[in-house]
Amino acid sequence: MPRKAGRSPEETRRALLDAAGTVIRTRGVPASLDDIAKAAGVSKGGLLYHFPAKDALVRALAQDILDTFRAEVLAALDPEDTRAGRLTRAYIRASLDTSYDEVAVRENIALIAQLISIPEIAALARADAERWDRDLHDDGLPDHVVTLVVAAADGASTAPLWGVGLAVAAARRLEQQLLDLTSDTTDGLSTRN
């Protein structure tokens, strides 16, 4: 199957990653490169031009998911905010963003569950989590505050997995409560690290 006319190499790569995500989410990690190429509208040779092996495609897909979330957090940084906890507040805003379709969130979580079963991807995810841990704990807030607000934001952001995400108003209230915790660390919470 020839390359779609007018598609740039970057667009073809994006189409392959998107197709890989859909096919792996629905058929599992054993899905074939032929199925992924077909879903992307390219030949298997075209897929192999961009990703020389299935492992490379799967690794790029996982890295893309991790990079996308990091970009969402960085985009949520408030340029006016220079106080301690700036990155943590952006993490909260990105995690509790209610503009996403709940079905799309559930599908992304299902894809991640498929990918994390691969040891190399699990190691990649652990390294990313360790980077987040360092970045957030170096953000100037007490460790106990970071641990609490990140755990709450992460938990709320995965609620759609169970088919019942937070209502927009409830998510906005939770977001504000977590943001408040990052602004006032003298609210009676234990100050032990």
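Residues numbered from 1 in each chain as written. Predicted model: local features only at pLDDT ≥ 70, side-chain atom pairs only at ≥ 80, totals over all residues. Heavy atoms only, no water.

Here helix H5 (residues 86-95) lies mainly inside the structure; eight of its ten residues are buried. Along H5, the positions that sit buried rather than exposed are Leu87, Thr88, Arg89, Ala90, Tyr91, Ile92, Ala94 and Ser95. (Buried < 20%, exposed > 50% of the residue type's maximum accessible area, 1.4 Å probe, protein only. Helix = DSSP H or I, 4+ residues; strand = E, 2+ residues; numbered from the N terminus.)

Our focus in this paragraph is helix H1 (residues 9-27). In this model, H1 (19 residues) spans 26 Å end to end at C-alpha, consistent with the 27 Å of a helix rising 1.5 Å per residue. Along H1, the positions that sit buried rather than exposed are Thr12, Ala15, Leu16, Leu17, Ala19, Ala20, Gly21, Val23 and Ile24. Once H1 ends, the next one or two residues include Gly28, with phi positive near 90°. (Expected span 1.5 Å × (residues − 1).)

It is worth spelling out the nonpolar core at this point. Judged by nonpolar contacts, the single largest core of 25 residues is most densely connected at Ile24, Ile36, Leu47, Leu57, Leu61 and Leu115. Elements with a minimum of two residues in this core: H1, helix H2 (33-40), helix H4 (54-75) and helix H6 (102-115). Those residues within four positions of Leu47 in sequence are excluded, and the remaining contacts are Leu16, Leu33, Ile36, Ala37, Val42 and Leu57. Judged by nonpolar contacts, the second largest core, of 21 residues, contains Tyr91, Trp132, Leu178 and Leu181. (Core = buried A, V, L, I, M, F, W, Y, C linked by side-chain atoms within 4.5 Å. Contact = heavy atoms within 4.5 Å.)

Right, let's get into the side chain of Asp81. Mapped onto the elements of the fold, Asp81 is located in the loop between H4 and H5. We classify Asp81 as buried; its relative accessible area is 6%.

Bringing the side chain of Thr88 into the picture now. Looking at the secondary structure, you find Thr88 in helix H5. Thr88 sits in the buried class, given a relative accessible area of 0%. When residues no more than four places from it in sequence are discounted, the contact partners of Thr88 are Leu136, Asp139, Leu141, Val146, Val149 and Thr182.

Moving on, we come to the confidence of the model for the protein. Per-residue pLDDT for the protein averages 89, and the proportion of residues at 70 or more is 91%. Segment residues 187-193 is flagged for pLDDT under 50; beyond a separation of four residues in sequence, or across chains, it makes eleven contacts in the model. (pLDDT = per-residue confidence, 0-100.)

Direction vectors running N to C along helix H8 (residues 143-157) and helix H9 (residues 168-183) enclose 165°, while the axes themselves pass 10 Å from each other. By the angle class used here, H8 and H9 are roughly antiparallel. Note that H8 runs across H9; the crossing there is left-handed. Every residue of H9 that contacts H8 at Val145, Leu148, Val149, Ala152, Ala153 and Ala156 is listed here: Leu174, Leu178, Leu181 and Thr182. Across the contact of H8 with H9, the residue classes tally to nine nonpolar, one polar and no charged. (Axes fitted to C-alpha atoms, helices over the stretch in contact; angles between N-to-C directions. Parallel < 35°, antiparallel > 145°, perpendicular 65-115°, else oblique. Left-handed = near helix turned anticlockwise from the far one by under 90°. Nonpolar A, V, L, I, M, F, W, Y, C, P; charged D, E, K, R; others polar.)

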